[in-house]
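So you can see what is in the structure, the chains are spelled out below.
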Amino acid sequence: MALLYLAIVIWLLPLFAFVVQIFFGNRLPRKGDWLVVGAMFIDLILALIIFANILIQYDPGYRVTLHFDWIVLGTQNFPLGFALDNVTAVMLVVVTAVSALVFLYSIGYMKGDPRYSRYFAYLSFFAFSMLGLILFDNLLGIYMCWELVGLSSYLLIGFWFEKDSASNAGKKAFITNRVGDFGMFVGMLIVFYVTGTFSLDGIEASVVSGNFSGSILTAAGILLFVGAVGKSAQFPLHVWLPDAMEGPTPVSALIHAATMVVAGVYLVVRIFFMLTPDSMLVIAYIGGFTALFAATIALVQNDIKRVLAYSTISQIGYMILALGTGAYAAGLFHLMTHAFFKALLFLGSGSVIHAVEHAFRSGKIDADPQDMNNMGGLRRKMPVTFWTFIIATVAISGVPFTSGFLSKDAILAGTLSFAGTHPQHFLLPFFGFLAAGLTAFYMFRLVFKTFFGEFSISKAWGYVHESALTMTIPLVVLSILCFFVFYSYSPVSPDEGWFYHLIEKPEQAAVANAGSAMLTTGGEEGEHDSSHSYALIMSLIIAFTGIIISYKTYYSGKISAVEWGNMYPRLYRCMFNKWYVDEFYSATIIRFTLGWSAFCGWFDDNIIDRVVNRTARVTVVISWFNGKFDNIIVDGLVNGIANTTQLLGWFTRQVQTGKIQQYLVGLLIALVLIIILRTM
Amino acid sequence: MITLEVFLTIGALLFVFGILAVVTKRNAIGVLMGVELILNAANVNFIAFSFFTDTGIDGIMIALFIFVIAVAEAAVALAIVLNIFRNMQTINVDEIDSLKK
């Protein structure tokens, strides 16, 4: 329990830093960067304490929770709660470690920016939202933090909002995410409708008891996954992530590579228990297709950050593929290893861009500092960046002795054994292996174009220099985390490591109920059989094939890339233009939306306004009649009654003369009349 | 022998003269005098009925009471007339119509 309180402290510390920074940041010494970075390093230490405790306990079933009532509406209670289990602990370490290093790196990268303090405030806010997303054990809480990370992502992508492309990219990211979030929200509503609770424990109970099953469970699982598709930039909602590279590079490293975009994977991990075989298949195919699809685009892009962005999409596709095929631990494992090496790749590219931009500015050259064609030979000037970048590239390509090899191999083995039990799904491992080869190819292409050869613009060469210490230290730390020893004793298999011991696949009641006729789980069980060694050998062959082709094309020049492009011009153009997905969206959805908006505007102007004006005029006329009726009929009636009363009063008043004698005469006449009448 | 009818006729005449005086006189004193006539018309009738029937002296006693009451009434009424005159400088009953208000 104490650990959970510690985790909540970890969560709230960045919020505190954010509040102080946003209000007083500019007045603090050094514009407050030490506060945010310091808070994050304290967070990292606390997370490591939690992690050490988890390692000491070494209990796969470890889980503590804390619940409290949030909203009570009549008899309906909406509780919130936090949970700390092994997955949470691992995620806490990943997020705080990458955050702390990126924050440190930002000090150097953002130096001299006019909104320096606000940048750090946003970063801190992001850390708060992301940690909340990890800690909540409740779909409602997760959804709130889900939107908060979307917001901080939006703020940071559009951080340099003076540039049109940056503010547009921010909007694009936000709106594309909304599409996914809508699906997720509908999924949550279905879950709530059936189970009456948002708590993951409560949902699990009703899935296990069989109350929540069948096609509605499949629908709920797929809809929740739609949220993950948006946030994790999976096909077809991947279009925002490459544009998100308009943000500062440390932001790309932290949010759009290591942490926020894997929130979708984390969500699938959290709802894993409620996935049915059908929803698993959907997830697997989307992940596998995205992995291959994004890799093909990355092959031909020239913008260094865009290559990395498509690489991120592809790698997240891997994780989703792993989860969809039931390789639960492998997917989560890849999430962790990817977070470190992809953050390193982004920070390394940031270091390169920073140096090249500086050189171009000093040499007064107007060229794009992110275009790889304008780079080359940087290894001689930037050794630290180069070597750390090489380590990360090797890791992502799946070369042995790296973390990436372990996790990617586990995923490929998982898909292979899944396809072994279900031969009709042979496409899934095919996607995986092909994407692995392409990954090795495009990553080495990037390295060769950037760090080898000659610098394209020799005039600026003299101005290139290695980045500052605050930027290189995070690179070195992250590169150390790319080696296998941190994850497993064995360089070829993660089975013996702490990770596979601590992360246990949750029971999938829906899959178990579906029986053996449907999909039985592949993944983890399969890794102990022969498919693991096949996967090992095949992935090695494919990775090295990719590296060698890349070497021959971009280093020794034995194969000409231009010739390849000319051989398949149509394919090349498709890949270069990202398979025209953006164009497709602007031709269909965006055009439809704009047309519909124009129609709505016209409708407003011409129909609704006209109706309103007519109504107003008719009302005026009716009011005029109404006024007349009031004045003449109603008032006349009232006045008439009054006048009549007055007249009657005047008549009767004539009798009342006040003269006693007249009254007496009346009295006598009446008396005489009475007497006469009585006697007759 | 004078019969009952003669007395009753005298009483009725007295009553009518009294009424006429009350209704027609403009002077409040005249009105009071009319009232005295009416009262005494009643007295004549009481005494005549007492004399011609065997009811003893009941009618005569009532006549005595009426005298006393008439005196008291005349005293009070004259005092009122004096006060009216003091307040309004007139005893013309046509001009005294404050009941109307």
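Structural data are supplied above this passage.
Residues numbered from 1 in each chain as written. Chains lettered and ligands numbered in written order. Predicted model: local features only at pLDDT ≥ 70, side-chain atom pairs only at ≥ 80, totals over all residues. Heavy atoms only, no water.

Visitor: I keep staring at the overall build of chain A and nothing clicks. Help me out?
Guide: Along the backbone of chain A there are 25 helices and 2 strands. Its C-alpha radius of gyration of 36 Å places chain A more than 25% over the 26 Å reference for a compact globule of 680 residues. Expressed as lengths along the three principal axes of its C-alpha atoms, the size of chain A is roughly 150 × 65 × 55 Å. Going through the 680 residues of chain A one by one, you find that 55% of them count as buried. Sequence-distant contacts, at least 24 apart, represent 80% of the contacts inside chain A between residues at least 6 apart. When the accessible surface of chain A is split by element, carbon and sulfur atoms take 69% of a total near 29000 Å². Averaging the coordinates of the 39 positive side-chain charges in chain A and doing the same for the 40 negative ones gives two points 13 Å apart. (Helix = DSSP H or I, 4+ residues; strand = E, 2+ residues; numbered from the N terminus. Rg over C-alpha atoms; globule rule 2.2 N^0.38 Å. Buried < 20%, exposed > 50% of the residue type's maximum accessible area, 1.4 Å probe, protein only. Contact = heavy atoms within 4.5 Å. Areas by Shrake-Rupley, 256 points an atom, 1.4 Å probe, with all protein chains shown as cover. Lys, Arg positive; Asp, Glu negative; His and termini not counted. Charge placed at Lys NZ, Arg CZ, Asp CG, Glu CD.)

Visitor: Is there a simple way to explain the overall build of chain B in this structure?
Guide: The helix and strand tally for chain B stands at 3 helices and 0 strands. For chain B, the α and β elements follow one another from N to C terminus as α-α-α. Computed over its C-alpha atoms, the radius of gyration of chain B comes to 17 Å, more than 25% above the 13 Å expected for a compact globule of 101 residues. Pairs at least 24 apart in sequence give 58% of the contacts found in chain B among residues at least 6 apart. Of the accessible surface of chain B, which amounts to about 6800 Å², a share of 76% is contributed by carbon and sulfur atoms.

Visitor: What is the right way to look at helix α11 (residues 263-270) of chain A in this model?
Guide: Residue pairs three or four apart in sequence face the same way in an α-helix, which turns once every 3.6 residues. For α11(A), a buried count of 8 out of 8 residues is recorded, marking the element as mostly surrounded by other parts of the structure. Listed as buried for α11(A) are Ala263(A), Gly264(A), Val265(A), Tyr266(A), Leu267(A), Val268(A), Val269(A) and Arg270(A).

Visitor: What is the right way to read the packing of aromatic side chains from this model?
Guide: Geometry of an aromatic ring pair is reported as the spacing of the ring centres plus the angle between the planes. Evaluation of the coordinates by the stated rule reveals 46 aromatic pairs over all chains. Seen in terms of ring centroids, Phe7(B) and Phe52(B) are 5.9 Å apart; in terms of plane orientation they differ by 55°. Their pairing is tilted. Highlighted residues: Phe7(B) in helix α1 (residues 4-24) and Phe52(B) in helix α2 (residues 28-52), separated in sequence by 45 residues. With relative accessibility at 31%, the residue Phe52(B) sits in the partly exposed group. Ring pairing ties together the aromatic residues Phe386(A), Trp387(A), Phe389(A), Phe444(A), Phe448(A), Phe451(A), Phe452(A) and Tyr551(A), which thus form one cluster. The ring of Phe159(A) carries Arg115(A) above its face, with NZ or CZ at 5.2 Å from the centroid. (Phe/Tyr/Trp six-rings, centres within 6.5 Å; stacked < 30°, edge-to-face > 60°. Lys NZ or Arg CZ within 6 Å of the ring centre and 35° of its normal.)

Visitor: Is there a simple way to think about the interface of chain B and chain A in this case?
Guide: Many structure descriptions define interface size as the accessible area lost when the parts assemble. Contact residues are listed per partner, giving 12 residues for chain B and 10 residues for chain A. Interface area, chain B with chain A, both sides summed: about 830 Å², of which 68% is carbon and sulfur. Across the contact surface, chain B and chain A share 0 salt bridges. The tally of links between chain B and chain A comes to 2 residue pairs in polar contact (both at pLDDT 80 or more). Per-element tally for the side of chain B that touches chain A: the top contributor is α1(B), with 3 residues. Of the residues that constitute the side of chain B that touches chain A, the class distribution is 7 nonpolar, no polar and 5 charged. (Buried area = accessible area lost by both parts, 1.4 Å probe. Salt bridge = Lys/Arg side-chain N within 4 Å of Asp/Glu carboxyl O. Polar contact = N/O pair within 3.5 Å; in protein donor to acceptor, adjacent residues only side chain to side chain. Nonpolar A, V, L, I, M, F, W, Y, C, P; charged D, E, K, R; others polar.)

Visitor: Is there a simple way to explain the environment of Thr402(A) in this structure?
Guide: Residues and elements named next belong to chain A. As for its placement among the helices and strands, Thr402 is situated in the loop between α15 (383-397) and α16 (403-421). With relative accessibility at 5%, the residue Thr402 sits in the buried group. A sequence separation of 61 residues divides Thr402 from Phe341, and the C-alpha atoms of the two residues are 9.9 Å apart. Not counting chain neighbours up to four residues away, the residues in contact with Thr402 comprise Val394, Ala395, Cys482, Phe483 and Phe484.

Visitor: Would you mind going over unusual backbone geometry with me for this structure?
Guide: Residues apart from glycine generally show negative phi values, whereas peptide bonds are mostly found in trans. All names here are of chain A. With omega at 5°, the peptide bond leading from Phe235 into Pro236 counts as cis. Look at Phe401: it is not a glycine, yet its phi comes out positive at around 75°. With respect to the element layout, Phe401 can be found in the loop between α15 and α16. By relative accessible area, Phe401 is classed as partly exposed at 48%.

Visitor: Even after reading the chapter, I still don't get the packing of α15(A) against helix α18 (residues 469-480) of chain A, so can you show me in this structure?
Guide: Each packed pair of helices is defined by two parameters, the angle between the axes and the distance between the axes. Residue and element names in this part refer to chain A. Taken N-terminus to C-terminus, the directions of α15 and α18 make an angle of 25°; their axes are 9 Å apart at the nearest point. With respect to each other, α15 and α18 are oriented roughly parallel. Viewed along their axes, α15 and α18 form a crossing whose handedness is left-handed. Contacts between α15 and α18 involve Val384, Thr385, Thr388 and Ile391 from the first element and Thr472, Leu475, Val476 and Ser479 from the second. Here the contact of α15 with α18 is composed, by residue class, of 4 nonpolar, 4 polar and no charged. (Axes fitted to C-alpha atoms, helices over the stretch in contact; angles between N-to-C directions. Parallel < 35°, antiparallel > 145°, perpendicular 65-115°, else oblique. Left-handed = near helix turned anticlockwise from the far one by under 90°.)

Visitor: Would you take a moment to explain the side chain of His338(A) for this structure?
Guide: Residue and element names in this part refer to chain A. Within the fold, His338 resides in helix α14 (residues 328-362). For His338, a relative accessible area of 0% puts it in the buried group. Not counting the four nearest positions on each side in its chain, His338 is found in contact with Ala257, Thr312, Gln315, Met319 and Ala343.

Visitor: Even after reading the chapter, I still don't get the layout of surface pockets, so can you show me in this structure?
Guide: Any space left empty among the atoms is revealed by the rolling of a water-sized probe across them. Residue and element names in this part refer to chain A. When its volume is computed, the largest pocket comes out at roughly 770 Å³. If you trace the largest pocket, you find 27 residues lining it, with Leu299, Val300, Phe441, Trp564 and Met575 closest to the centre. Breaking the lining of the largest pocket down by element, the ones donating at least two residues are α17 (427-451), α21 (530-554), α22 (561-567) and α23 (569-576). In the lining of the largest pocket, the residues fall into 17 nonpolar, 8 polar and 2 charged. The calculated volume of the second largest pocket comes to roughly 620 Å³. (1 Å grid on protein atoms, 1.4 Å probe; cavity = no way out; pocket = protein on both sides within 12 Å on 5 of 7 lines; lining within 4 Å. Points joined across faces, edges and corners; volume = space filled by probe spheres on them.)

Visitor: What am I meant to see in the pairing of strand β1 (residues 63-73) of chain A here?
Guide: Each regular strand shows side chains that alternate between the opposite faces of the sheet. Residue and element names in this part refer to chain A. Sheet topology places β1 next to strand β2 (residues 76-85); 10 bridges connect them, and they run antiparallel. Within β2, the residue paired with Val64 across the bridge is Leu84. Taking the residues that link successive antiparallel strands as the turn, the β1-β2 hairpin has 2 residues, and the phi of Gly74 there is positive, at about 60°. (Pairing = 2+ DSSP bridges.)

Visitor: Looking at this model, I keep getting lost on empty space enclosed by the protein. Mind explaining?
Guide: All names here are of chain A. One pass over the structure, following the stated rule, counts 2 cavities of 30 Å³ or more. Each pocket or cavity is described by its volume, and for the second largest cavity that value is around 50 Å³. Lining the second largest cavity are Ser397, Gly398, Phe405, Lys408, Asp409, Leu412, Ala436, Ser539, Leu540 and Ala543. Looking at the lining of the second largest cavity, the elements with two or more residues in it are α16 and α21.

Visitor: Got a minute to help me understand the packing of helix α2 (residues 33-57) of chain A against helix α4 (residues 116-135) of chain A in this structure?
Guide: All names here are of chain A. Packing of α2 against α4 brings their axes to within 9 Å, and their N-to-C directions diverge by 20°. If you check the angle between α2 and α4, you find them roughly parallel. Here α2 and α4 pass one another in a crossing that is left-handed. On α4, the residues touching Asp33, Val36, Val37, Met40 and Asp43 of α2 are Tyr116, Phe120, Ser124, Ala127 and Leu131. In the contact of α2 with α4, the residues fall into 7 nonpolar, 1 polar and 2 charged.

Visitor: I keep staring at the side chain of Lys342(A) and nothing clicks. Help me out?
Guide: All names here are of chain A. Secondary-structure assignment places Lys342 in helix α14. Of the side chains with opposite charge, Asp303 lies nearest to the buried Lys342, which makes no salt bridge, at 13 Å. For Lys342, the residues in contact, after removing those within four places along its chain, are Ala257, Leu308, Ser311, Thr312, Gln315 and Ile396.

Visitor: Would you mind going over a nonpolar patch on the surface with me for this structure?
Guide: Residue and element names in this part refer to chain B. Side chains of Phe46, Ile47, Ile57, Ile60, Met61, Ile62, Leu64, Phe65, Phe67, Val68 and Ile69 sit close together on the surface and give an oily, nonpolar patch of about 1000 Å² of accessible area. Counting only elements with at least two residues in the nonpolar patch, the list comes to α2 and α3 (58-88). Examining the composition of the nonpolar patch, we find that 8 residues originate from one element, α3, more than from any other. Residue position: Phe67 is located in helix α3. (Patch = residues over 30% accessible without salt bridge, like charges linked within 9 Å, V, L, I, M, F, W, Y side chains within 5 Å.)

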